[in-house]
Amino acid sequence: MLETVEKIWMDGEFVDWADAKIHVLTHTLHYGSGVFEGVRAYETARGPAIFRLKEHIDRLFDSAKIYMMDIPFTREELTEATIETVRVNNVESCYIRPLVYLGYGVMGLNPLPAPVQVSIAAWPWESYLGEDGLAHGVRMKISSWKRHDPNIMPPAAKGTGMYMNSSLAKVEAIKAGYDEAIMLSPQGYVSECTGENIFVVRHGRIITPPVTAGALEGITQSSVRRIAEDLGIPYEVGNILRSDLYVADEAFLSGTAAEVVPVRSVDDREIGEPGPITRAIQEIYFRAVKGEDDRYDDWLTYVRP
Ligand code: PPE
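This structure is a prediction, so every number in the text was calculated from the model and none was measured. (Residues numbered from 1 in each chain as written. Predicted model: local features only at pLDDT ≥ 70, side-chain atom pairs only at ≥ 80, totals over all residues. Heavy atoms only, no water.)

> So what exactly am I meant to see when it comes to the site of the ligand here?
Taken together, 21 residues are adjacent to the ligand, and Tyr-95, Tyr-128, Tyr-163, Glu-192 and Thr-220 come closest. In the environment of the ligand, an oxygen atom lies 2.5 Å from a nitrogen or oxygen atom belonging to the side chain of Tyr-95. Measuring from a nitrogen atom of the ligand, one finds a backbone N or O atom of Gly-195 at 3.3 Å. Considered on its own, the ligand offers 550 Å² of accessible surface; in the complex 94% of this is hidden by protein. Those elements that provide at least two residues to the shell around the ligand are β6 (94-102), α6 (219-231) and β14 (250-255). Split by residue class, the shell around the ligand holds 6 nonpolar, 9 polar and 6 charged. (Near = heavy atom within 4 Å. Polar contact = N/O pair within 3.5 Å; in protein donor to acceptor, adjacent residues only side chain to side chain. Areas by Shrake-Rupley, 256 points an atom, 1.4 Å probe, with all protein chains shown as cover. Helix = DSSP H or I, 4+ residues; strand = E, 2+ residues; numbered from the N terminus. Nonpolar A, V, L, I, M, F, W, Y, C, P; charged D, E, K, R; others polar.)

> Can you help me understand the side chain of Thr-194 in this one?
Among the secondary structure elements, Thr-194 is positioned in the loop between β10 (190-193) and β11 (197-202). Separated by 2.7 Å, the side chains of Thr-194 and Glu-180 make a polar contact. In this structure Thr-194 touches Arg-147, Tyr-163, Ser-166, Ala-169, Lys-170, Glu-180, Ala-181 and Met-183, once residues within four positions along its chain are discounted. (Contact = heavy atoms within 4.5 Å.)

> Looking at this structure, how should I read the pairing of strand β7 (residues 116-123)?
On a regular strand, each side chain points to the face opposite its neighbour's, so the side chains alternate between the two faces of the sheet. Among the 8 residues in β7, 7 count as buried, and that is most of the element. The pairing of strand β1 (residues 7-10) with β7 spans 2 bridges and is classified as antiparallel. The residue bridging Met-10 from the neighbouring strand is Ser-119, located in β7. Both β6 and β7 contribute to a ladder of 8 bridges, which runs antiparallel. Opposite Pro-98, over in β7, you have Ile-120 as the bridge partner. (Buried < 20%, exposed > 50% of the residue type's maximum accessible area, 1.4 Å probe, protein only. Pairing = 2+ DSSP bridges.)

> Would you mind going over a nonpolar patch on the surface with me for this structure?
Nonpolar side chains collect at one region of the surface, where Ile-22, Val-24, Leu-25, Leu-29, Tyr-31, Tyr-104, Met-107 and Leu-109 lie side by side and expose about 830 Å² of accessible area between them. Structurally, Leu-29 is set in helix α1 (residues 27-31). (Patch = residues over 30% accessible without salt bridge, like charges linked within 9 Å, V, L, I, M, F, W, Y side chains within 5 Å. Salt bridge = Lys/Arg side-chain N within 4 Å of Asp/Glu carboxyl O.)

> What is the right way to look at the environment of Ser-144 in this model?
Inspection of the secondary structure assignment puts Ser-144 in the loop between β8 (138-142) and α5 (163-175). Here the alpha-carbon distance between Ser-144 and Val-86, two residues 58 residues apart in the chain, equals 39 Å. Side-chain polar atoms of Ser-144 contact the side chain of Glu-172, separated by 2.5 Å.

> Even after reading the chapter, I still don't get the packing of α6 against helix α8 (residues 276-289), so can you show me in this structure?
For any two helices packed against each other, the geometry is given by the interaxial angle and the distance between the axes. Following both chains from N to C, one finds α6 and α8 inclined at 110°, their axes separated by 10 Å at the closest point. For the element pair α6 / α8, the angle class is roughly perpendicular. Crossing handedness for the pair α6 and α8: right-handed. Between α6, through Thr-220, Ser-223, Val-224, Ile-227, Ala-228 and Leu-231, and α8, the contact on the second element is made entirely by Ala-280, Ile-281, Ile-284 and Tyr-285. Residue composition of the contact of α6 with α8, grouped by class: 8 nonpolar, 2 polar and no charged. (Axes fitted to C-alpha atoms, helices over the stretch in contact; angles between N-to-C directions. Parallel < 35°, antiparallel > 145°, perpendicular 65-115°, else oblique. Left-handed = near helix turned anticlockwise from the far one by under 90°.)

> Would you explain the domain arrangement of the chain in this entry?
Reports often express the size of an interface as the amount of accessible area lost when the parts come together. Entries for the chain in the domain assignment read domain 1 (7-123) and domain 2 (131-289). The C-alpha centroid of domain 2 is placed 26 Å from the C-alpha centroid of domain 1. Taken together, the 22 residues of domain 1 in the interface contact 20 residues of domain 2. Here domain 1 packs against domain 2, burying approximately 1800 Å² in sum over the two surfaces, 61% of which is carbon and sulfur. Across the pair Arg-40 and Glu-259 runs a salt bridge whose closest N-O atoms are separated by 3.9 Å. Inspection of the region where domain 1 meets domain 2 yields 13 residue pairs in polar contact (both at pLDDT 80 or more). Looking at the side of domain 1 that touches domain 2, the elements with two or more residues in it are β3 (35-36), β4 (39-42), α2 (53-66) and β6. The residue makeup of the side of domain 1 that touches domain 2, split by class, is 9 nonpolar, 8 polar and 5 charged. (Domains from an automatic or database assignment. Buried area = accessible area lost by both parts, 1.4 Å probe.)

Written out as structure tokens, the structure is:
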């Protein structure tokens with residue numbers, strides 16, 4: 001069960017957690033016609049700070065644009081509402097879920113006449129793949145489910161409906177005894193995981209798949225890039241094959257919910273305990289989000305200035 005807080009922001013006002021309800025004929029509930037973000041706020045010495053809020057709000061607006069949803073709030077309004085959501089709930093750290101959805105009033109596959117509504121919820125959420133995963137790595141399985149073809153579902157948009165694909169892959173992996181799935185593009189290249197980007201390390205270089213392989217342009221992924229560049233570790237965006245994962249020196253995942261997680265094995269080919277590059281990236285990432293490294297202060301929005 002979710003750990004609850006007091007208030008949820010809905011269309012411009014705060015409502016009690018228990019009253020944050022919608023009608024059963026809400027359009028998005030039937031057709032998956034929403035877009036969303038996942039953001040985190042971390043406890044810092046200066047109170048809670050939201051990590052890369054601007055980038056998340058920008059991606060939310062990009063997702064909405066792709067689906068021709070006209071968000072009835074400005075970027076500034078949703079930025080302020082997100083900060084307020086953390087502030088009013090008095091949490092030191094939390095996961096934040098802004099959602100743009102089509103509400104009640106019309107049914108059918110033309111979404112354009114439906115009202116566009118927005119909610120922002122926050123709740124305390126432990127790292128997605130668990131403490132043991134963060135420390136020792138997760139066991140991955142290549143899914144029999146492919147990632148979306150970009151002309152079937154645009155991977156650049158965080159659309160609610162496209163996560164049915166992620167859930168199919170996640171369930172398959174869990175039922176087979178693994179922690180998480182890796183999905184291939186329709187062309188057979190490594191794409192990403194159900195809710196994380198993936199990286200391999202070979203011969204001292206970090207390689208991550210491009211958006212053209214169906215991966216979301218991850219905000220944590222771009223944080224990893226900047227940290228790698230600051231550490232002088234070569235970083236490339238390029239296609240990788242499943243066999244590149246099998247023979248990787250190291251591999252890791254990144255995502256807002258999951259954070260930076262080492263990969264311990266892929267399809268039962270052992271990679272082992274987290275290697276030095278994974279460890280270094282992970283360590284700086286966790287210092288950055290907690291405001292313990294000045295170089296990354298531009299990533300933080302303090303909730304109580
Ligand atoms: N790929 C997918 C498919 C994805 O959903 C996410 C985030 C990422 C990559 C990483 O993106 P970023 O968070 O910008 O680094 N997944 C969100 C949803 C997780 C969930 O289970 O819900 C998240 O991590 O918030």
